[in-house]
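# Summary of the model geometry
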Amino acid sequence: MALEIVAWLMTLSIAMPSRPFEIRGTLDSSYPDVFTPEALAALTALAPLDADRKAIMKGRIARRAARMRDRRRIGFLDPQSVIPRTQITVQDARDGKFIGSEIPNDLKRQWIQGTGPAARPGATVETGLRNIAYALLSGADGWMFDGEDALGQVSTMSLDNQRNLKLAIHRDPVFLKVGEHVAGEMNTWAKGFFGRETISDWEKQLEFTTKMFRARGLHLDDRHVRHAGGESFSASIVDLVLYVTNNHRRLLLSGASVALYLPKIQTAEEAALWNDMLSALERHLGLADGTIKVYVLVEQIEACFQLMEIRAALGPHFIGFNTGRWDYINSVSDALAWDPDFVNPNIDAITMTYGYMRIYEDRVRRAVNTPDAKGQYALWQGGMEPNIPVGSDTAVN
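I will try to describe carefully the structure that is included in this document. (Residues numbered from 1 in each chain as written. Predicted model: local features only at pLDDT ≥ 70, side-chain atom pairs only at ≥ 80, totals over all residues. Heavy atoms only, no water.)

Before going further, it helps to spend a moment on the sheet that holds strand β10 (residues 379-381). Note: strands within a sheet are paired through backbone hydrogen bonds, in either parallel or antiparallel orientation. Spatial strand order, β2-β3-β4-β7-β8-β9-β10: seven strands in an open sheet with parallel pairing. This sheet does not close on itself; its edge strands, each paired only once, are β2 (113-116) and β10. Each neighbouring strand pair of the sheet contributes to a mean axis angle of 25°, computed without reference to strand direction. Pairing geometry for strand β4 (residues 210-214) and strand β7 (residues 258-262), over three bridges, is parallel. Looking at β7, one finds that M212 is bridged to A259. (Pairing = 2+ DSSP bridges. Helix = DSSP H or I, 4+ residues; strand = E, 2+ residues; numbered from the N terminus. Axes fitted to C-alpha atoms, helices over the stretch in contact; angles between N-to-C directions.)

Listed below in structure tokens is the structure:
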């Protein structure tokens, strides 16, 4: 009988394929609410795309090295060429001959948008959840919960970030208790400063702000997940899978968008890879193509030469661009490091009306104001720079 059981177990292990990845230590058992069976299955489905990511990142490094070696500036793509991983020509992209996305209702108004992580270093769950409570009770139209720049990539913070977002989005009792306490603190402060409370119904207020998530860029590897053979695994795939898989049902049932920010994209090919990742996850979860909506942060000067191509490559997933300031300025310095005649002024002098920043802003404006094949436009947000000028016939306001 014992031999029969052993033989049966061996047959079972052969019949059930092992995961193509492994999770460090005991984190899968420490975070079972994050590494759910559904999330693990989705990671398995998207794992093959990591080879494409690594090849594209290798090409990014080679392209930069060639420009430095040849002392060559960044240029536009050949209009007759085809955007890699798509069937769209560059010229068709520039002419708006592609199908984009209709803007969901909860993303049409984003006049005030905040950003910050949903976790704190070495903090308890309740302490980390205060970040989310303050954000959702702030009255902002939208909040981009950061899994990238503003989140310390130490210890298990990326997983704490995912756990806290899930607790908040699912309105877990632990989060509601924190939310009630934070609302009381905010009203106490408001009575002293304004002479009145600012939050009349804290539970209703928690639903007002649109929730968005910024995943880590294609260039980053995850610290907790790696391929079964020991090779590094994409942080982008991990962030995308964990956030969407664990939260899409609750978001969609509440009438909210499943919205992401995609950072550090440099080319339309990279955007097309993101599109393939998004579509692969939607297929795996049984969602319609284009269910997941994305903003693209224009943080790299190279992306400014391919804005319409990036928009076209993301198709029905793309809803808008976000123009920040700091990363873009640094990317300009990096792209022209080979040119001794290029000298950047002090960064505090580089406002959105300064030379290349004004051109950057104008290119993004033109890209979002170009209609797609269905006459749909895209969104444009100012990111961390509040002084985006608004043009008129008479002046810049």
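There is more to say, and it comes next.
What follows deals with the packing of aromatic side chains. As enumerated under the stated definition, the model contains 11 aromatic pairs in all. For the ring pair F76 and F305, a centre distance of 4.8 Å and an interplane angle of 55° mean the geometry is tilted. In this pair, F76 sits in the loop between α4 (49-70) and α5 (90-94) while F305 sits in the loop between β8 (292-297) and α13 (307-314), placing the two residues 229 residues apart along the sequence. An aromatic cluster of at least three residues, connected via ring pairs, comprises W189, F193 and F194. Looking at R196, its charged tip hangs above the ring of F194, at a distance of 5.6 Å from the centre. Seen from the ring of F305, R363 lies directly overhead, with NZ or CZ sitting 4.6 Å from the centre. (Phe/Tyr/Trp six-rings, centres within 6.5 Å; stacked < 30°, edge-to-face > 60°. Lys NZ or Arg CZ within 6 Å of the ring centre and 35° of its normal.)

Attention now goes to the pattern of salt bridges. By the definition in use, this model includes 31 salt bridges. As a salt-bridge pair, E22 and R226 come within 2.3 Å of each other at their nearest N and O atoms. Placement of the pair is E22 in strand β1 (residues 21-23) and R226 in strand β5 (residues 221-227), with a sequence separation of 204 residues. Judged by relative accessible area, E22 falls into the partly exposed class, the value being 28%. (Salt bridge = Lys/Arg side-chain N within 4 Å of Asp/Glu carboxyl O. Buried < 20%, exposed > 50% of the residue type's maximum accessible area, 1.4 Å probe, protein only.)

By the secondary structure assignment, T210 is in strand β4. In this structure T210 comes out as buried when scored by relative accessible area, which is 8%. A polar side-chain atom of T210 sits 2.9 Å from the main-chain carbonyl oxygen of D106. At 3.5 Å, the side chain of T210 and the side chain of Q110 are in polar contact. In this structure T210 touches D106, L107, Q110, D141, G142 and W143, once residues within four positions along its chain are discounted. (Polar contact = N/O pair within 3.5 Å; in protein donor to acceptor, adjacent residues only side chain to side chain. Contact = heavy atoms within 4.5 Å.)

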